[in-house]
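# Structure assessment
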Amino acid sequence: MKSTILLAVGLAAGSVGAGETAATAQTDSPLAHVSNSFHFAVPASLSRASAFFGPEGERCWAGDHWNPVFLYPQPAKDVEGAVFTVQHGPHSSVWVNTLFDQAGGRMQYVSFVPDTLVFTVDVRLSALTSSTTKVEVTYIRTALHAEANEDVLAMGKRDGENGPEWQQAIEHCLAAERKSER
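From a predicted model like this one, the values you see are computed outputs, not experimental measurements.

### Here's the deal with the overall build of the chain
Looking only at helices and strands, the chain has four helices and seven strands in total. When its helices and strands are written in sequence order, the chain yields α-β-α-β-β-β-β-β-β-α-α. Counting across all 182 residues of the chain, residues that qualify as buried make up 41%. Look at the contacts in the chain between residues 6 or more apart in sequence, and 47% of them connect residues 24 or more apart. Working note: accessible area of the chain is about 9600 Å², and carbon and sulfur atoms make up 54% of it.

### Details of the confidence of the model for the chain
The predicted model of the chain averages 87 in pLDDT, with 85% of residues at 70 or higher. Taken element by element, the chain is modelled with least confidence in helix H1 (residues 2-13), mean pLDDT 38, and with most confidence in strand E7 (residues 132-143), mean pLDDT 98.

### Remarks on the pattern of salt bridges
Within this structure, the stated rule accounts for seven salt bridges. Notably, a salt bridge pairs arginine 59 with glutamate 56, separated by 3.0 Å at the nearest N-O pair. Residue class for arginine 59 comes out partly exposed when judged on its relative accessible area of 32%. A salt bridge links lysine 134 to glutamate 136, with the shortest nitrogen-to-oxygen separation between them at 4.0 Å. One network of salt bridges, in which partners are shared, links Arg106, Asp122 and Arg124.

### Overview of the layout of surface pockets
The computed volume of the largest pocket comes to approximately 860 Å³. In terms of lining residues, the largest pocket is bounded by 28 residues, among which His65, His88, Tyr139, Arg141 and Asp159 are the most central. At the level of secondary structure, the elements contributing two or more residues to the lining of the largest pocket comprise strand E4 (91-101), strand E5 (106-113), strand E6 (117-129), E7, helix H3 (149-159) and helix H4 (163-181). Looking at the lining of the largest pocket residue by residue, the classes come out as 15 nonpolar, seven polar and six charged.

### Topic: the nonpolar core
Within the largest apolar cluster, 39 residues are counted, with the highest numbers of intra-cluster contacts made by Phe53 and Trp61. Non-local contacts of tryptophan 61, meaning those with residues more than four positions away in its chain, are made with Phe52, Phe53, Trp166, Ala169, Ile170 and Cys173.

### Here we look at the packing of aromatic side chains
Tallying each qualifying case throughout the model produces 14 aromatic pairs. Note on tryptophan 66 and phenylalanine 84: the rings are 6.0 Å apart at their centroids and 80 degrees apart in plane angle, and the pair reads as edge-to-face. Remark: phenylalanine 84 occurs in strand E3 (residues 83-88) and tryptophan 66 occurs in the loop between helix H2 (46-50) and strand E2 (69-72); sequence separation between them is 18 residues. Arranged with centres 5.3 Å apart and planes meeting at 90 degrees, the rings of tryptophan 95 and phenylalanine 119 form a pair that is edge-to-face. Of this pair, tryptophan 95 sits in strand E4 while phenylalanine 119 sits in strand E6, placing them 24 residues apart in sequence. The same class applies to tryptophan 95 and to phenylalanine 119, which are both buried. Three or more aromatic residues joined by ring pairs form one cluster here, namely Phe38, Phe40, Phe53, Trp61, Trp66, Phe70, Phe84, Trp95, Tyr109, Phe119, Tyr139 and Trp166. The ring centre of phenylalanine 119 lies 4.5 Å from the NZ or CZ of arginine 141, which sits over that ring.

### Comments concerning H3
Of the residues making up H3, those classed as buried are Asn149, Val152, Met155, Gly156 and Asp159. One side of H3 carries all its buried residues, which in axial view fall inside an arc of 130 degrees. Turned more than 90 degrees off the buried face of H3, the exposed positions are Glu150 and Lys157. Elements in contact with the buried residues of H3: strand E1 (33-42), E6 and E7.

### Structural notes on the pairing of E5
The buried fraction of E5 is high, at six of eight residues. By the bridge criterion, seven bridges tie E4 to E5 in an arrangement that is antiparallel. By the bridge assignment, valine 96 is partnered in E5 with valine 110. Hairpin connection between E4 and E5: a loop of four residues separates the two successive antiparallel strands, and glycine 105 in this loop has a positive phi of roughly 75 degrees. For E5 and E6, the ladder comprises eight bridges, and the chain directions are antiparallel. Its bridge partner being in E6, serine 111 is matched across the sheet by phenylalanine 119. Count of turn residues in the E5/E6 antiparallel hairpin: three residues, of which aspartate 115 carries a positive phi of about 65 degrees.

Each value, and the rule that gives it
- Residues numbered from 1 in each chain as written.
- Predicted model: local features only at pLDDT ≥ 70, side-chain atom pairs only at ≥ 80, totals over all residues.
- Heavy atoms only, no water.
- Helix = DSSP H or I, 4+ residues; strand = E, 2+ residues; numbered from the N terminus.
- Buried < 20%, exposed > 50% of the residue type's maximum accessible area, 1.4 Å probe, protein only.
- Contact = heavy atoms within 4.5 Å.
- Areas by Shrake-Rupley, 256 points an atom, 1.4 Å probe, with all protein chains shown as cover.
- pLDDT = per-residue confidence, 0-100.
- Salt bridge = Lys/Arg side-chain N within 4 Å of Asp/Glu carboxyl O.
- 1 Å grid on protein atoms, 1.4 Å probe; cavity = no way out; pocket = protein on both sides within 12 Å on 5 of 7 lines; lining within 4 Å.
- Points joined across faces, edges and corners; volume = space filled by probe spheres on them.
- Nonpolar A, V, L, I, M, F, W, Y, C, P; charged D, E, K, R; others polar.
- Core = buried A, V, L, I, M, F, W, Y, C linked by side-chain atoms within 4.5 Å.
- Phe/Tyr/Trp six-rings, centres within 6.5 Å; stacked < 30°, edge-to-face > 60°.
- Lys NZ or Arg CZ within 6 Å of the ring centre and 35° of its normal.
- Arc of directions from axis to C-beta.
- Pairing = 2+ DSSP bridges.

See below:
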C-alpha cells in the first residue's frame, strides 16, 4: 500500500517520470511502465475544443462507457480538483483532475484502479487557426504489481492508437451541435 501511495503522489507531482524506477525499487518484480502519445486536430476554436476535455464535456463524445460519478464537486462540474469514479466492466477507477485550465488548453488527470495500475492523462491544446485546434494527449501507465504488467502494456499500445477515434467522435459532436443550432 505504501508504494501505491508514493507512486500516485510521485506521478501527480511529476517527480516520477518516464523510465524512472521509483515503483520497482519497492517491489521484487519489474513493473510495466509505458508512455504513449497521440495528436489530432479538430475543427473548433481553442475555447470550444477545450470544453470537450473535462469529465462532463467528454460525455458528448467518449461513448456509453464514460459515465463519471462525481464525488466532488456537487453538483458535477468540470473544475480543477474534481474527484470522480468511472466504472470499466468489473473495475472502478478513481480520477482526480489535477489541472484544468480551459482558457490555456491544459488538462491533466491522475487515475488509479486499486491494486492494478496508476496512470496520468495529460491533454494539451493549441490553436492552429481561429477555427482549428491541435490536441495532444499523453498517457503514462504504471502497473502496481507484476500480474498487471500484461494489461498495462496492452492498454499502452491502445493509448497510442486513440487519435483517429477521438477526432472522429469529437467531430461528430461538433456536427450534432451545428445541426441543433439550425
